[in-house]
Amino acid sequence: MATVFSHALVGAAIVSLFPKKYRTNKSYALAALSAVVPDFDYLGFISRIPYDSLWGHRGMTHSILFALLLAAVFAIWARNKNEKTYLGFFILFFLTTISHACLDACTNGGLGVAFYSPYNTLRYFFPWRPIQVSPMGLVFFSERGLMVLASEFYWIVIPCLVVFLSRGILNKKSKA
């Protein structure tokens, strides 16, 4: 898995790609949260739920179905009641939630991601897997954890910074 920091950052970067009415403080916070929620399955991991089970790590909570359901809930929470923004927020939170599974499918470890759970529990990786898999638990605070952060800086943080800077430049040009 990628780290919680990177997942949240990608969620925020996705928000910045949306029109201004979707770029609220609340939507940035919810997007970061929705990009992290799939890893709540880690509680099952420490409760000894088998990794490869439906509710194991990178199982159901990393699926497209889960992303659709969470997006529906978060879109209700975030929408502006005076405008018709539900569909836009639904798309936004679907993208931020599924970004988690996509990042995990780009890592070099684990059993893969069950994108199609519960209908198909096969686990998948993308062919291109440049991101170092993050160690779980306290092992994160080790030399291995620093290697993961360096990998994520290159493959995740820098591209997200480019997105944020591009949005800032576009905002300045539109105001000029």
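The structure reproduced in this document is the subject of the present report.

Cut-offs applied
Residues numbered from 1 in each chain as written. Predicted model: local features only at pLDDT ≥ 70, side-chain atom pairs only at ≥ 80, totals over all residues. Heavy atoms only, no water. Helix = DSSP H or I, 4+ residues; strand = E, 2+ residues; numbered from the N terminus. Expected span 1.5 Å × (residues − 1). Buried < 20%, exposed > 50% of the residue type's maximum accessible area, 1.4 Å probe, protein only. Arc of directions from axis to C-beta. Contact = heavy atoms within 4.5 Å. Phe/Tyr/Trp six-rings, centres within 6.5 Å; stacked < 30°, edge-to-face > 60°.

1. Overview of helix α4 (residues 64-78)
Turning to step 1, where the next piece is worked out: In this model, α4 (15 residues) spans 20 Å end to end at C-alpha, consistent with the 21 Å of a helix rising 1.5 Å per residue.
Turning to step 2, where the next piece is worked out: Considered for burial, the residues of α4 that qualify are Phe66, Ala67, Leu70, Ala71, Phe74, Ala75 and Ala78. Looking straight down α4, one finds that the buried residues subtend no more than 155 degrees of arc, so they occupy a single side. For α4, the exposed residues lying more than 90 degrees away from the buried face are Leu69 and Val73.
Turning to step 3, where the next piece is worked out: On the buried face of α4, the contacting elements are α2 (25-36) and α5 (86-104).

2. Describing the packing of aromatic side chains
Turning to step 1, where the next piece is worked out: Under the criterion given, the structure shown has ten aromatic pairs.
Turning to step 2, where the next piece is worked out: Ring geometry for phenylalanine 74 and phenylalanine 93: centres 5.8 Å apart, planes at 75 degrees, overall edge-to-face. Of this pair, phenylalanine 74 sits in helix α4 while phenylalanine 93 sits in helix α5, and the two are 19 residues apart along the sequence.
Turning to step 3, where the next piece is worked out: Grouped by ring-pair contacts, the aromatic residues Phe18, Tyr22, Phe74, Trp77, Phe89 and Phe93 constitute a single cluster.

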